[in-house]
Structures are given as C-alpha cells and as structure tokens.
Amino acid sequence: MSRVLITTVPFGEIDSYPLDLLKNNKIEYLVNPLGKKLTESELIELVSDCEVIIAGTETISDKVMSHAKNLRMISRVGIGLDSVDLLSAKKRNISVSYTPDAPAPAVVDLTMGLMYSLSRKIHLANIELHQGKWHRYFGKRLIDSTIGLVGVGRVGAQVLKNLQVLGCKKILYYDKKVRLDNDKSGQIMFADKKEIFKNSDIISFHVPLDFETKNMITINEMRMMKKNTYLINTARGGIINELDLYRALDEKLIAGAAIDTFEMEPYNGNLIEYNDCLLTSHMGSMSFDCRTNMEIEATEEAVRFLINNQQKSAVPIEEYQMRTDY
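An account of the accompanying structure is given in this report. Being a predicted model, the structure only gives us computed values, none of them experimental. (Residues numbered from 1 in each chain as written. Predicted model: local features only at pLDDT ≥ 70, side-chain atom pairs only at ≥ 80, totals over all residues. Heavy atoms only, no water.)

## Comments concerning the overall build of the protein chain
A count of helical and extended segments in the protein chain gives twelve helices and twelve strands. A compact globule built from 326 residues should have a C-alpha radius of gyration of about 20 Å, and the protein chain, at 21 Å, falls within 12% of that. Overall, the C-alpha framework of the protein chain stretches about 60 × 50 × 35 Å when taken along its three principal axes. Within the protein chain, buried positions represent 51% of all 326 residues. The contacts in the protein chain between residues at least 6 apart in sequence include a share of 62% that link residues at least 24 apart. Put simply, the protein chain shows about 16000 Å² of open surface, and 50% of that area lies on carbon and sulfur atoms. In the protein chain, the 40 positive side-chain charges and the 43 negative ones have mean positions that sit 4 Å from each other. (Helix = DSSP H or I, 4+ residues; strand = E, 2+ residues; numbered from the N terminus. Rg over C-alpha atoms; globule rule 2.2 N^0.38 Å. Buried < 20%, exposed > 50% of the residue type's maximum accessible area, 1.4 Å probe, protein only. Contact = heavy atoms within 4.5 Å. Areas by Shrake-Rupley, 256 points an atom, 1.4 Å probe, with all protein chains shown as cover. Lys, Arg positive; Asp, Glu negative; His and termini not counted. Charge placed at Lys NZ, Arg CZ, Asp CG, Glu CD.)

## Considering the environment of Lys214
In this fold, Lys214 is placed in the loop between β9 (202–205) and α9 (219–224). The spatial distance from the C-alpha of Lys214 to the C-alpha of Gly237 is 8.7 Å, given a sequence separation of 23 residues. A polar side-chain atom of Lys214 sits 2.8 Å from a polar atom in the side chain of Glu263. (Polar contact = N/O pair within 3.5 Å; in protein donor to acceptor, adjacent residues only side chain to side chain.)

## Examining the layout of surface pockets
Within this model, the second largest pocket holds a volume of roughly 570 Å³. Taken together, 26 residues form the lining of the second largest pocket, with Lys37, Thr57, Thr59, Ser83 and Glu263 sitting closest to its centre. In terms of residue class, the lining of the second largest pocket is built from seven nonpolar, eight polar and eleven charged. (1 Å grid on protein atoms, 1.4 Å probe; cavity = no way out; pocket = protein on both sides within 12 Å on 5 of 7 lines; lining within 4 Å. Points joined across faces, edges and corners; volume = space filled by probe spheres on them. Nonpolar A, V, L, I, M, F, W, Y, C, P; charged D, E, K, R; others polar.)

## Structural notes on the environment of Leu21
Here Leu21 shows up in helix α1 (residues 17–24). Separated by 166 residues in the primary sequence, Leu21 and Gln187 place their C-alpha atoms 47 Å from one another. Once residues within four sequence positions are removed from consideration, Leu21 is found in contact with Thr299, Glu300 and Val303.

As structure tokens, this is what we get:
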C-alpha cells in the first residue's frame, strides 16, 4: 500500500470522490490532522514515510524533502508553485504536478466581485450599517473606469474578456509573454506597467510569484497612482508589499485595495486596521465546482503516478528553467 499525505485543507468535504479514488485503489492516505496550513516544522513531522504529497500552499522546502526519504511526487491542488522548491525536487528526483486550469473560473469570479465591491463601496456600506450608520456612498461604474490588468494568462485573460463584454471604457494590460490582437476600437490597449500605474482606476494582478514579481508594488509604485485608484490581488501574496500598502493607505496615496492572498497565512497584519482594505481569506478558488475539480485532478494525478508512474499535468520545464536562471 502506498502512502499519500494530503496537506491541503479542506479536502473531500464537498465531494468524497478524491478520497474514494484513493480507497478504491488501495492507497493508504492521511489527511492533514491539524486542519490548518502547516508550518515547515509541522510538515516535517508528517512526511517521513509518504510517497506522494497532495499539497496546498504550505512551503515544501529542501529541508522538508530531506526528511521525506520515500517521497516520489508532489501533486499541487492549484496552480501556484512558489511554495515548492522545484530545483530541490528535481535534484531529488521528485516529480511535481499541478492543476493549472481548475481554479481559474472561480478566481475570475472573485476578482470581478471585488471590482464591483470596491468601485461601489459595497464593503464600506456593509460595515457601517452593521455599526448602525446609514451612509449612501457614491461610486464609479466599471464601464466608466480605466481598468489595468497586470498579467493576462488563465485568469487575467478571462477577466479582460468579462470587462470587454461589459463595455468598460478602457482596459490597459501588461504581460511579458502575451500580446493580444490589436483592438481597433481602442478599448483594449497594451501598456507598460508605469502607464498602467499612472492611469488606472482599478489595477488587478494576475501573475505568479517569482523573482521578478516579488514586491512588484511598493510605495514607489503606489506614489505613481491616482488617489482614486484601487488595487486587487487575487494572485499570490508578496506581489504587493503589505507594509507599503499600509503606508499608502495611511497617507491616502490610493483609495483602497482588495487582497485575497498574503505573505503569511492566516493573515493577521496591520491591514485589518483599514476598512478601505477589503480582505478575504485566500478564497479565490473556493467555489464548489472549482475546488472539487482541483482536488479530483490532483488526486487522479497522484493515483496515475503511483500505479503507472505517469503524469498528465507535470510542471513544465520552463518553470524549472526560470528558477535556474535566478
């Protein structure tokens, strides 16, 4: 019997199929007994005899792998790879897979919802009404806004399409790899990051966390922005410097932000002091269908690997190369 450690939580709560799949293939498994995101030391205590980790966003470092002598494969529930030391995995002949497509629709939905909430100040009205205050906020419609998108991959491209269908006045986008077809109407325009920072009413980030995007947005970039600009991060914690965002809100350099992903999770930092900063608990992928699909795909990959030593969704070589380049 093969041993699988499932570190991501929740798991199998919406649909038991992933757990049934393991049982039906006589694969022994353990679901995260702590019921929370594991620290490095907690993970080390659990990995000693597992062959596969069905992983969440916890850090799987070289140190963790060194304590997992039987580990042959990491199957990520999700797309982000910043938590996995890919070069150490490669050195130790540990295969890595992920589920890049499954979470995208749910993250798109949350991003759109955050745009509406920020632009119409829904979150502020909700907080104040719960406090017994009645205030009717003015807001700006999305179709009258200039939206900046940094990254137009799986999530960013669909957000752009949604905004285009809505008829947003102007959509500026930046992506180091992608150039969209020319839009003769002038609604959609490629722009460099500085142009996006200076001209957008809402800026939404849809890039992986890597050496180039870490601290992409600091106080210096926020000083370029308009005082009515909102920032949205549903991608990865660390893209927006959280301490600098706090300073920017304190100095009223921007109007506010919506942050779903944080450098340290669960988050308990000083951004909670500002109602203008809408905070959610890394729930971008947490729609019933997308979360279920992520769990199923990651588990099927683990079973496929254990039974046939095959992978369908192996992390592409470019991801390893990017780590090597830095």
